[in-house]
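Residues per chain, in single letters:
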Amino acid sequence: MSSAETSTAAPDARTERRAKRIAKNLTSFAREHGGGDAVVEYVGSVATRIVVVGADGAWGDQVAPSYAVGKRAAELAGLTLHDDFEGELGLKVKTGAYEWKRMAGIQI
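Bear in mind the structure is a predicted one, so any value in this text is a computation, not a measurement.

What counts and how
Residues numbered from 1 in each chain as written. Predicted model: local features only at pLDDT ≥ 70, side-chain atom pairs only at ≥ 80, totals over all residues. Heavy atoms only, no water. Helix = DSSP H or I, 4+ residues; strand = E, 2+ residues; numbered from the N terminus. Contact = heavy atoms within 4.5 Å. Core = buried A, V, L, I, M, F, W, Y, C linked by side-chain atoms within 4.5 Å. Buried < 20%, exposed > 50% of the residue type's maximum accessible area, 1.4 Å probe, protein only. Pairing = 2+ DSSP bridges. Axes fitted to C-alpha atoms, helices over the stretch in contact; angles between N-to-C directions. Patch = residues over 30% accessible without salt bridge, like charges linked within 9 Å, V, L, I, M, F, W, Y side chains within 5 Å. Areas by Shrake-Rupley, 256 points an atom, 1.4 Å probe, with all protein chains shown as cover. Salt bridge = Lys/Arg side-chain N within 4 Å of Asp/Glu carboxyl O. Lys, Arg positive; Asp, Glu negative; His and termini not counted. Charge placed at Lys NZ, Arg CZ, Asp CG, Glu CD. pLDDT = per-residue confidence, 0-100.

1. Re the overall build of the protein
Link 1 in the chain: Across its full length, the protein holds four helices and four strands.
Link 2 in the chain: Mapped in sequence order, the helices and strands of the protein form the string α-β-β-β-α-β-α-α.
Link 3 in the chain: Taking all contacts inside the protein whose residues are at least 6 apart in sequence as the whole, residues at least 24 apart take part in 56%.

Following this line, the structure appears as structure tokens:
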């Protein structure tokens, strides 16, 4: 195997390992909340956020080191991927007093 092949294969294996670790958390969340939908979003140049919405409206998020890792983790967890957080997916989310208080505090 040439050094070019080695350097190309290494990131894929690393991405897969990282994605599998994150997928465990996503799978657990989805199992507890009757399945799940996800949106993978960039959070700047060095991170990606996976927002998960359960069938019951509960939501959570997980940070991944790259978009590729985040997308792969969501796929491994069996989540339905969406391009954005609008429409039906946004309407599924149930927020409580804590979230409303936090949002109000940020707006001030």
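2. Quick word on the nonpolar core
Link 1 in the chain: Judged by nonpolar contacts, the single largest core of 16 residues is most densely connected at Ile22, Leu26, Ile50, Val52, Ala73 and Leu79.
Link 2 in the chain: Mapped onto this core, the elements with two or more residues apiece are helix H1 (3-32), strand E1 (36-42), strand E2 (48-54) and helix H2 (67-76).
Link 3 in the chain: The greatest single-element share of this core, amounting to six residues, is contributed by H1.
Link 4 in the chain: The contacts of leucine 26, once residues within four sequence positions are left out, are Ile50, Val52, Gln62, Ala73, Ala74, Ala77 and Leu79.

3. Describing the sheet that holds E2
Link 1 in the chain: Taken together, four strands build an open sheet; the order of strands is E3-E2-E1-E4 and the sheet is mixed. Edge positions in the sheet fall to strand E3 (59-64) and strand E4 (80-82), since each of these pairs with one other strand and no more. Recorded for the sheet is a direction-independent mean angle of 25° between the axes of neighbouring strands.
Link 2 in the chain: Bridge count for E2 against E3 is six bridges, and the pairing is antiparallel. Of the residues in E3, the one forming a bridge with isoleucine 50 is glutamine 62.
Link 3 in the chain: Along the sheet, H2 makes contact with E1, E2, E3 and E4, crossing E1 at roughly 175°.

4. What about a positive patch on the surface?
Link 1 in the chain: On the surface, a cluster of positive charge is made up of Arg14, Arg17, Arg21 and Lys24.
Link 2 in the chain: In this fold, arginine 21 is placed in helix H1.
Link 3 in the chain: Assessed through its relative accessible area of 53%, arginine 21 is described here as exposed.

5. Points about the confidence of the model for the protein
Link 1 in the chain: The pLDDT averaged across the protein works out to 83; a share of 81% of its residues lies at or above 70.
Link 2 in the chain: The secondary-structure element of the protein with the lowest mean pLDDT is helix H4 (residues 97-107), recorded at 67, while H2 shows the highest, at 94.
Link 3 in the chain: For the stretch residues 1-10, pLDDT sits under 50, and the model shows one contact to residues farther than four places along the chain or on other chains.

6. Focus on the pattern of salt bridges
Link 1 in the chain: Under the criterion given, the structure shown has five salt bridges.
Link 2 in the chain: We note a salt bridge from arginine 72 to glutamate 16, for which the minimum N-O separation is 3.0 Å. Placement of arginine 72 in helix H2 and of glutamate 16 in helix H1 is noted, with a sequence separation of 56 residues between them.
Link 3 in the chain: Of the residues examined, glutamate 16 reaches a relative accessible area of 24% and is grouped as partly exposed.
Link 4 in the chain: Connected through shared salt-bridge partners, Glu16, Arg72 and Glu75 make up one network.

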